[in-house]
Structure formats: C-alpha cells, structure tokens
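For reference, the chains in residue letters:
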Amino acid sequence: MDLGEADHPRHRKVDLMALPEDIGQYDLVLAMSLVEHIDKPWVAAPNIMRLVRPGGYLYIAMPWFYPVHEGPYYGDHWRSTPSGMVHLFEGMEVVKTDYYPSSLAAVRDRATYWNDPNSTASGFSMLMRKPE
C-alpha cells in the first residue's frame, strides 16, 4: 500500500488515514520506516490495526537518527519511542522490542542514563500482536 502509483500488480494505492472497507485482514502487517511519514498517525493507527487479523502481528521499525527526507507523497513528521507506539497502537500486545545500535558516544552523565545502550540507540523495531 502506498499513496503513490507503482507498477507492481499487487500494489494498491491506499491512504492509511482513510482505508476502504474491502481492504481485508492479514497475518502480518509490516510498517517499516512508515509511521514517521504519516501526517496524522493517531488517525491512521486504528486503520493499521484493522489490517491485522485477530491473533496476527504488526511489525514496526522506526529510525531516530536519520536525515530528514520528504517526497511527493509523504513528509517526515514523527519519531517515537517504543512506549509511544504502545500508546498509539493501544490494545496491541508487545511481543518484542529491539534497539538499533548507535555510534554516539556520550561524555556527560554516564552514571545515569548514558550507560544504557538503548538510551543512545539509532532506532528500534517492535513486534506487536493483536489479541484474539
């Protein structure tokens, strides 16, 4: 699914903020480097969850440290943490969260949060499950 046109026969031009009724449900929905590009993710999140069948999974990947990049069909608006995704996709169960390593080296406050490798991660991925 995308807002833009594509040549692939299985491609559908669809707006996640206004899904058609006949869209169907899937065992696995991938939202890889997607949520940060949605104009109003709080509007799209219930629609994305609607795509996941009960007992199915939603995989989210989001970079944090990445150059701003916008295109003809999308902006670059939102960067969230896993806890933000839990709020956005309320009702989904978190199965697993992983963080992408970062090359950032912090020099101050090492005794508090900088000693946690997740505090300087460059992004995360998260697997969520829709309850049956």
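To be clear, the structure that these remarks concern was listed above.
Because the structure is a prediction, the values reported are computed rather than measured.

1. Some words on the packing of aromatic side chains
Piece 1. Counted according to the given criterion, the structure contains three aromatic pairs.
Piece 2. Ring centres 6.1 Å apart and planes at 45° place the aromatic pair tryptophan 64 and tyrosine 99 in the tilted group. Pair noted here: tryptophan 64 is in the loop between strand E2 (52-63) and helix H2 (82-88) and tyrosine 99 is in strand E3 (residues 93-100), with a separation of 35 residues, a long-range link.
Piece 3. On the numbers, 5.7 Å between centres and 45° between planes, the contact of tryptophan 64 with phenylalanine 124 is tilted. Taken together, the residues tryptophan 64 in the loop between E2 and H2 and phenylalanine 124 in strand E4 (residues 123-129) connect sequence positions 60 residues apart. Across the pair, exposure class does not vary: tryptophan 64 and phenylalanine 124 are buried alike.

2. Brief notes about the pairing of E4
Piece 1. For E4, a buried count of six out of seven residues is recorded, marking the element as mostly surrounded by other parts of the structure.
Piece 2. Two strands pair when backbone bridges link them, and E2 and E4 are joined in this way by seven bridges, in the antiparallel orientation. Following the sheet pairing, tyrosine 59 is matched in E4 by leucine 127.
Piece 3. Relative to E4, E3 runs antiparallel, the two sharing seven bridges. Paired with tyrosine 100 across the two strands is glycine 123, which belongs to E4.

What counts as what
Residues numbered from 1 in each chain as written. Predicted model: local features only at pLDDT ≥ 70, side-chain atom pairs only at ≥ 80, totals over all residues. Heavy atoms only, no water. Phe/Tyr/Trp six-rings, centres within 6.5 Å; stacked < 30°, edge-to-face > 60°. Helix = DSSP H or I, 4+ residues; strand = E, 2+ residues; numbered from the N terminus. Buried < 20%, exposed > 50% of the residue type's maximum accessible area, 1.4 Å probe, protein only. Pairing = 2+ DSSP bridges.

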